[in-house]
Amino acid sequence: MALDTANTISVRTMNMIQALNSALDVSLAHDPDTLIFGEDVGYFGGVFRVTDKLQEKYGLTRCFDTPISEGGIIATAIGMGAYGLRPVVEIQFADYILPAYDQLVSEAARLRYRSNGQFWAPITVRSPYGGGIFGGQTHSQSPEAIFAHITGLKTVIPSNPYDAKGLLIAAIECDDPVIFLEPKRLYNGPFEGRPDAQVKTWAGHPMAEVPEGRYTVPLGKAATVREGNDVTVLAYGTMVHVALSAIEETGIDAELIDLRSIVPLDIDAIVASVKKTGRCLIVHEASKYAGFGGELSALVQERCFYHLKSAVRRVGGWDTPYPHAFEWDYFPGPSRIVPALRACLED
Amino acid sequence: MALDTANTISVRTMNMIQALNSALDVSLAHDPDTLIFGEDVGYFGGVFRVTDKLQEKYGLTRCFDTPISEGGIIATAIGMGAYGLRPVVEIQFADYILPAYDQLVSEAARLRYRSNGQFWAPITVRSPYGGGIFGGQTHSQSPEAIFAHITGLKTVIPSNPYDAKGLLIAAIECDDPVIFLEPKRLYNGPFEGRPDAQVKTWAGHPMAEVPEGRYTVPLGKAATVREGNDVTVLAYGTMVHVALSAIEETGIDAELIDLRSIVPLDIDAIVASVKKTGRCLIVHEASKYAGFGGELSALVQERCFYHLKSAVRRVGGWDTPYPHAFEWDYFPGPSRIVPALRACLED
Amino acid sequence: MLNIPRLQLHVPEPPARPGDPVSFDHIDIPAAGAVRRPDTAAREEDMRDLPYTLIRVLDDEGRAVGPWDPKLDPAVLLKGLRAMLMTRLFDDRMFRAHRQGKTSFYMKSTGEEAIGAAQSLVLGAGDMSFPTYRMSAWLMARDYPLLDMVNQIFSNADDPLHGKQLPILTSARDYGFYSISGNLGSRFGHAVGWAMASAYKGDDKIAIGYVGDGTTAEGGVHEAMTFASVYRAPAILCITNNQWAISSYSGFAGAEATTFAARAIAYGLPGLRVDGNDFLAVWAATQWAADRARTNHGTTVIELFTYRAEGHSTSDDPTKYRPADEASHWPLGDPIARLKQHLIAIGEWDEARHEALVAELTETIRVAVKAGEAVGTLGKSKPDVRHMFEGIFKEPDWRHIEQRNEMGI
Amino acid sequence: MLNIPRLQLHVPEPPARPGDPVSFDHIDIPAAGAVRRPDTAAREEDMRDLPYTLIRVLDDEGRAVGPWDPKLDPAVLLKGLRAMLMTRLFDDRMFRAHRQGKTSFYMKSTGEEAIGAAQSLVLGAGDMSFPTYRMSAWLMARDYPLLDMVNQIFSNADDPLHGKQLPILTSARDYGFYSISGNLGSRFGHAVGWAMASAYKGDDKIAIGYVGDGTTAEGGVHEAMTFASVYRAPAILCITNNQWAISSYSGFAGAEATTFAARAIAYGLPGLRVDGNDFLAVWAATQWAADRARTNHGTTVIELFTYRAEGHSTSDDPTKYRPADEASHWPLGDPIARLKQHLIAIGEWDEARHEALVAELTETIRVAVKAGEAVGTLGKSKPDVRHMFEGIFKEPDWRHIEQRNEMGI
Ligand SMILES: Cc1ncc(C[n+]2csc(CCOP(=O)(O)OP(=O)(O)O)c2C)c(N)n1
Ligand SMILES: Cc1ncc(C[n+]2csc(CCOP(=O)(O)OP(=O)(O)O)c2C)c(N)n1
Ligand SMILES: [Mg+2]
Ligand SMILES: [Mg+2]
């Protein structure tokens, strides 16, 4: 990670919302061509308050509301990007990104290629995603797989305030289109997938110590959250915390890797770890079938076949729509991860 | 497959376009609540002529043109489905299905679930897909992975005229929303992935002998195209023919399975075959990364780990947009499948 | 650069933010009774003035005036009043239930009750509405069982949707109430498709669809209006302009530039602009459009001009982005108070009866809530978890069976 | 059932199908010069008549008449004529090249050349067009190198887009020509975003976007027009109504019900309806809209009424769905013939000079095609295959590097 030391002397405890807000603040201050728009992000500061006070600080044209039109938001951002601006847009919930899917896939992802480099779309699309907040079918989904498959899009998913800020600044400064999925269940605190446990805040968490100034966390570098020798656990977003908690429950000496971005993927880190441990468990919140875990499983198996001591396993959401009342039955919490971890070792 | 013997006495050689046309003809004749619409499908009979003469035969309201609005086409079909009709719509190219992605995912796929069975969308969405016709970026793509991941959608991909007709009738009669992807490169003849070879027609191909009347091929049953003992090859659509040709080139005793539908997936057929052969190669035309091959690889590995003698391999399109002039460099033809097959056996 | 002022990006701003004085003087409100009522078979090109005015029937004294007066039987008016009041009281009770942790989420339709109530009574049992989440009054007017509603809101074991959907995102086929989607842009499209199906079958059913002012910006809304125009669908497409979309004022949907009813003109459809807080005006305009649709004259677009008197949902605090007293200045008043005033003016109602009705409905609600609480509230009771795996497809596939087995259920 | 006729589904049908007699009598064509020209700062509400008429400058004798006459220098007219002719001749040559197997695909703009030619000359070097595949005249008017065009069409080693895109789906940033998308619905949105960026920066550049009549039905078109209205983007949004979308006549986009220019009214934008085969009318309307945009008065919508004189593309045979002689009946004529007639009428041109120009351009094209053929035609030559892995991201990631290695390149 590249720290801009002059600006980062002061470090503050931030939750993920504050860290993301700080990333946006830093980016607006740093580059007059960066601007923010989306539904309710202006005066109000966003339904999750991530853009709080930015309109007040930078003025009406640098952080503003939009029509309720996700396709229009992305199309406009692409046009601005082609002009030379660096738009950062918010889609209120990742479930609502789908009306803009054509713009993201056929336009943002392909503009540089099809124009042979004459035009490109340096846009960042932030969107709260994932479940755990009783949001029901359309405020809970995890659509990362449908972006990962699209050549030309980068997809980033932070799991803590420090990474969130550094990755968001890196995404904004990146000249490629980036889908930036924010695990909404982590906004206010780490979540271990145990809904009955006491709610935690970020206070006291080492990754909540966030420099005030500009720094980046590079896209495509995974983080080893916990070193271990017996099994590699691959996760991102909320599931990093859930997996960690499950690992601790079992006492297994697992190595936990937080992918941080699924495109670009830190394939070297994954392969090195699985070659060391010989076992691998993949965890994501999205429905399992044709989810990103399939790709991870295939890559691990293709590259580490002779090192594998047991089958690569996946734990994911069930293959159902996100069911409001059955949130904790659907959610792949520790009660599903623990037996999978054990099974990896028992084989 | 269920043959309606009374109607199927006469069998005719059909190419895939004729077989699909016949399926639509049979369905319109059979059920007054079935109707067809889409861009240019009415008077003109579709840009690939799949709906040829149906307007003339059944009248203006049973097969008609639409505004150029894929989202509108699907939304309208869902509303009609909720009323009790069985709309069969055409999206002119699968690349142009993306503007309707939200309607398919958030609406068609979820209507039955979220209304607890009060409403459902018995719609069939036909769309020519895949490359091999020098169609460039937006007339060549294979988007099946982004449908396979969506709980509530079925995705069917025929590889020959007989299946095309029987599967399409089954899809139309199915009470769930079905994405029906037609490998456009197979419309007029089987294609072995050798663009320099002489163009073949369907004439003489056993699967081009198609009954005139109504019959169905059930969704979710794979077909074993070639039995073999040394390696299982999983494919669908165009790649069934390409894989077969590659297998023949190598002389390897491979078992080739045509999946026919990827949701529902014939997991039993896959597992039985891989347990027998101990090796598996997955072939699809879509870009490899986070493609449906990842899911297949993961499933095979999870369910056959102790039977695997070598790594499950994948051959797919490169992780680039579909590049017009480099079609045959991008396309996963025999020259890429043959070494992968050999590698499966060499390990 | 040319020798002219530089370009500037215009970003809309509402007339008032928290702390600012409130005024609705910029809004032009014609007198009740002033707008002409064309024949239901009139040609669109002869009605292009209507999107720019406001159809009103009730005047300031509560009298029904002008050509749009539907001259309703007082019994119908009372039915409407009852449905509106029930909605208002139920909303308040459920909002409290949310604060008490009994439900995950709730949305009120305060100030907009005339719309669902009147339209539910105008349309027939075979017709279908494609509602928003602010249309409970439709169900109230059709005597949807309150307990079913409570059970869904509490997501308890008796939730009629078996826990699959959020509270308030109801589905009630037998009451002409299509499944509400969480995604905003789809309702018009489904309504138009449904209406086209009725025409295809040669039936006589029509569809009525709804979007909010904010939602008009979605592409799907335009696509649906295009289909409605091209195929002359027997539909009514309503834009409920309550002037806010969460924190964004209607200028972000285009209201600075023109009216929402004017959208109709783009498609050659008639567009009516109606006082949405006037039960009689809503009734009359809807009936006009329904007659037109049923006689093969196609789709009418209706802008229902109203004001969202409360927050967007239980997750929202509107004083953060608009003056706290804005609602009280809204010149078109409270639809319930206005219908009540009319009923009193025509001698069919009085304060005492009104109070008695409030008491009766409050008690009905209390009983239903009690019964729902007895089944259980959020987290304390839930539908059988096996329902999670049902209704994905008509029949489950192996994944659902395996996963159910894995859960041991 | 009610005692009224049953509902019927209306499905549009064009006035004539193959074999039917052709008539354009249903089309109302006002006389040249008849339409008023408002001030460029006029309010939208004072211009709601314009979408229903047709701005024309050239009369039947080739004279320029009325308030929209742009009074252009003959040199400019000649430049326009040259660009239009070049487009026509080049299209014919490339169509033949397709039949000869030298390219995979081609699309002509026959009959629509006035649009690209006039607008390219009205707008400045810093402005940006967001074109369709029928806008080659824009490039011709700006002297885009013919050989580059040929090389892309032949997908050969010198293809300026390195083989990544179809023929005709060009991209030419330096010529104010944005990358053409295969997906129809996106162009307006990108144009509006680009224009908003210019306003955001306080620059003086404007954007001009295009969709066809058929494409107006896409949701993205509506979303873009909404954004254009809300933020007053300095843009011109053109709807090229050539009456056909492949085999579907414009009734399937709503033309039975109203004009495409009337879409503007929905957003409170001015809408001009223009004779698209009249170089002077296209020029004048575009200049009006450009002046309006550059002076912070926001977006204008222009319907360019024309006729697609040939098939949709090389994959299409229009005699399958419309009368073979329909084009010859089109009452607004051929834009090239009309401008030529005007130039002759004002004494700036004659048949001999015209013939000489045709000969000159034909030779220029011949030379360019020859040069392109020398590089190679489809399948005989192609760009270095390593380009396949470039420009996906700014920098390749490990997948692209591995895959290139796997190919051994
Ligand atoms: C596609 C989509 N985008 C965004 C949202 C989030 N959202 C829910 S309600 C709402 C505001 C809707 O405003 P309006 O249409 O005016 O209806 P109102 O709430 O005023 O009745 C928004 C933005 C959503 N549900 N769906
Ligand atoms: C999203 C999308 N849907 C469908 C198509 C296929 N298609 C290509 S051109 C065309 C017709 C367009 O008609 P129009 O907008 O009138 O333009 P014109 O060809 O007449 O210039 C269609 C349907 C496409 N390219 N993109
Ligand atoms: Mg609203
Ligand atoms: Mg057209």
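Residues numbered from 1 in each chain as written. Chains lettered and ligands numbered in written order. Predicted model: local features only at pLDDT ≥ 70, side-chain atom pairs only at ≥ 80, totals over all residues. Heavy atoms only, no water.

## A short note on the site of ligand 1
Rules: Here, proximity means that at least one heavy atom of the residue falls within 4 Å of the molecule or strand. Polar contacts here mean pairs of N or O atoms no more than 3.5 Å apart (in protein, one a potential hydrogen donor and the other a potential acceptor; neighbouring residues in sequence count only if both atoms are side-chain atoms). Note on areas: Shrake-Rupley with a 1.4 Å probe; residue coverage comes only from the protein chains shown.
Taken together, 20 residues lie near ligand 1, and Glu70 of chain A together with Tyr133, Arg134, Thr215 and Trp244 of chain C sit nearest. Surrounding ligand 1 is a set of residues that belongs to chains A and C. Here Glu70 of chain A contributes a side-chain N or O atom positioned 2.5 Å from a nitrogen atom of ligand 1. Taken by itself ligand 1 offers 590 Å² of open surface, and the protein chains cover 96% of this.

## Considering the packing of aromatic side chains
Threshold: Only Phe, Tyr and Trp rings are paired, with Trp represented by its six-membered ring, and only when their centres lie within 6.5 Å; those with planes under 30 degrees apart are stacked, over 60 edge-to-face, the remainder tilted. For every residue, the accessible area (1.4 Å probe, protein chains only) is compared with the maximum for its type, and the residue is labelled buried under 20%, exposed over 50%, or partly exposed between those bounds. Helix numbering and strand numbering both begin at the N terminus, where a helix is a DSSP run of H or I of at least 4 residues and a strand a DSSP run of E of at least 2. Placement of a positive charge over a ring is assigned whenever Lys NZ or Arg CZ falls within 6 Å of the ring centre and within 35 degrees of the normal to the ring plane.
With the rule as written, the count across this model stands at 65 aromatic pairs over all chains. Seen from their ring centres, Phe305 of chain A and Tyr306 of chain A are 5.2 Å apart, and the 85° between their planes marks the pair as edge-to-face. Judged by its relative accessible area of 14%, Phe305 of chain A is buried. When its relative accessible area of 59% is taken as the criterion, Tyr306 of chain A is described as exposed. When the ring of Phe130 of chain C is compared with that of Tyr178 of chain C, the centres are 4.5 Å apart and the planes differ by 40°; the resulting orientation is tilted. Within this pair, whereas Phe130 of chain C is found in strand E1 (residues 128-130), its partner Tyr178 of chain C is found in the loop between helix H4 (146-154) and helix H5 (187-201), the two being separated by 48 residues in sequence. Side by side, Phe130 of chain C and Tyr178 of chain C carry an identical accessibility label, which is buried. Over the ring of Tyr52 of chain D we find Arg48 of chain C, and its NZ or CZ is 3.7 Å from the ring centre.

## Brief notes about the domain arrangement of chain A
Interfaces are often sized by the accessible area lost when the parts come together. Residue and element names in this part refer to chain A. This is how the line gets drawn: The split of the chain into domains comes from an automatic or database domain assignment. By definition in these notes, contact holds between two residues if any of their heavy atoms fall within 4.5 Å. In this description, buried area is defined as the sum, over both parts, of the accessible area (probe of 1.4 Å) that is lost when the two are combined. Salt bridges are identified by distance alone: a Lys or Arg side-chain nitrogen within 4 Å of an Asp or Glu carboxyl oxygen. Ten residues, namely Ala, Val, Leu, Ile, Met, Phe, Trp, Tyr, Cys and Pro, are considered nonpolar, four, namely Asp, Glu, Lys and Arg, are considered charged, and the remaining ones, Gly among them, are considered polar.
When the domains of chain A are assigned, the result is domain 1 (9-212) and domain 2 (223-346). A C-alpha centroid distance of 25 Å is found between domain 1 and domain 2. Each side of the interface is counted separately: domain 1 has 35 residues, and domain 2 has 30 residues. For the domain 1 and domain 2 pair, buried surface summed over both sides reaches about 2,600 Å², with 60% attributable to carbon and sulfur atoms. For the pair domain 1 and domain 2, the number of links is two salt bridges. The salt bridge partner of Arg194 is Glu249, with a shortest N-O separation of 2.8 Å. Across the contact surface, domain 1 and domain 2 share 15 residue pairs in polar contact (both at pLDDT 80 or more). Listed by contribution, the elements that provide at least two residues to the side of domain 1 that touches domain 2 are helix H6 (144-148), strand E7 (154-156) and helix H7 (161-173). For the side of domain 1 that touches domain 2, the class distribution of residues is 16 nonpolar, 13 polar and six charged.

## Topic: the interface of chain D and chain C
With 51 residues of chain D at the contact, the number on the chain C side is 52 residues. Interface of chain D and chain C: buried area, both sides summed, is about 4,300 Å²; carbon and sulfur atoms make up 58% of it. Looking at the side of chain D facing chain C, the largest losses of area belong to Leu7, Leu9 and His222 of chain D, adding up to 17% of the total buried there. In this assembly, chain D and chain C are joined by two salt bridges. The partner of Arg232 of chain D in a salt bridge is Glu256 of chain C, and the shortest N-O contact between them spans 3.5 Å. Linking chain D with chain C are 16 residue pairs in polar contact (both at pLDDT 80 or more). At the level of elements, helix H5 (187-201), helix H6 (219-230), helix H7 (263-266) and helix H8 (279-294) of chain D are the ones that each hand at least two residues to the side of chain D that touches chain C. Looking at the side of chain D that touches chain C element by element, the count peaks at six residues for H6 of chain D. The class makeup of the residues in the side of chain D that touches chain C is 24 nonpolar, 14 polar and 13 charged.

## With respect to the interface of chain C and chain B
Taken residue by residue, the interface counts 43 residues in chain C and 46 residues in chain B. Summing both sides of the interface, chain C and chain B together bury roughly 3,800 Å²; the carbon and sulfur share of this comes to 58%. It is Tyr200, Phe393 and Trp398 of chain C in chain C that bury the most area against chain B; as a group they hold 19% of the surface buried on that side. At the junction of chain C with chain B, the criterion picks out three salt bridges. In this structure, the salt-bridge partner of Lys394 of chain C is Asp175 of chain B, at a minimum N-O distance of 2.7 Å. Remark: the boundary between chain C and chain B carries 28 residue pairs in polar contact (both at pLDDT 80 or more). Elements that contribute at least two residues to the side of chain C that touches chain B include exactly H5, helix H6 (219-230) and helix H11 (398-407) of chain C. Among the elements that line the side of chain C that touches chain B, the one with the most residues is H5 of chain C, at nine residues. Of the residues belonging to the side of chain C that touches chain B, the class tally is 18 nonpolar, 14 polar and 11 charged.

## Brief notes about the coordination of the magnesium ion (ligand 3)
Residue and element names in this part refer to chain C. For the record, the criterion: Coordination here is defined by N, O and S atoms within 2.8 Å of the metal (3.2 Å for Na, K and Ca), and since water is not considered, a site can look incomplete.
Within the first shell, the magnesium ion (ligand 3) binds the protein through Asp213 (OD), Asn242 (OD1) and Trp244 (O), at distances of 2.0 to 2.1 Å. When the donors of the magnesium ion (ligand 3) are listed by position in the chain, the intervening gaps give D-x28-N-x1-W. Placement of Asp213 in the loop between strand E2 (207-212) and H6 and of Trp244 in strand E4 (residues 244-245) is noted, with a sequence separation of 31 residues between them. Taken individually, Asp213 and Trp244 each receive the classification buried, so the pair is uniform in this respect.

## Quick word on the coordination of the magnesium ion (ligand 4)
Metal coordination angles have textbook ideals: 109.5 degrees for a tetrahedral set of four donors and 90 or 180 degrees for an octahedral set of six. Protein ligation of the magnesium ion (ligand 4) involves Asp213 of chain D (OD), Asn242 of chain D (OD1) and Trp244 of chain D (O), the donor distances falling in the range 2.0 to 2.1 Å. When the donors of the magnesium ion (ligand 4) are listed by position in the chain, the intervening gaps give D-x28-N-x1-W.

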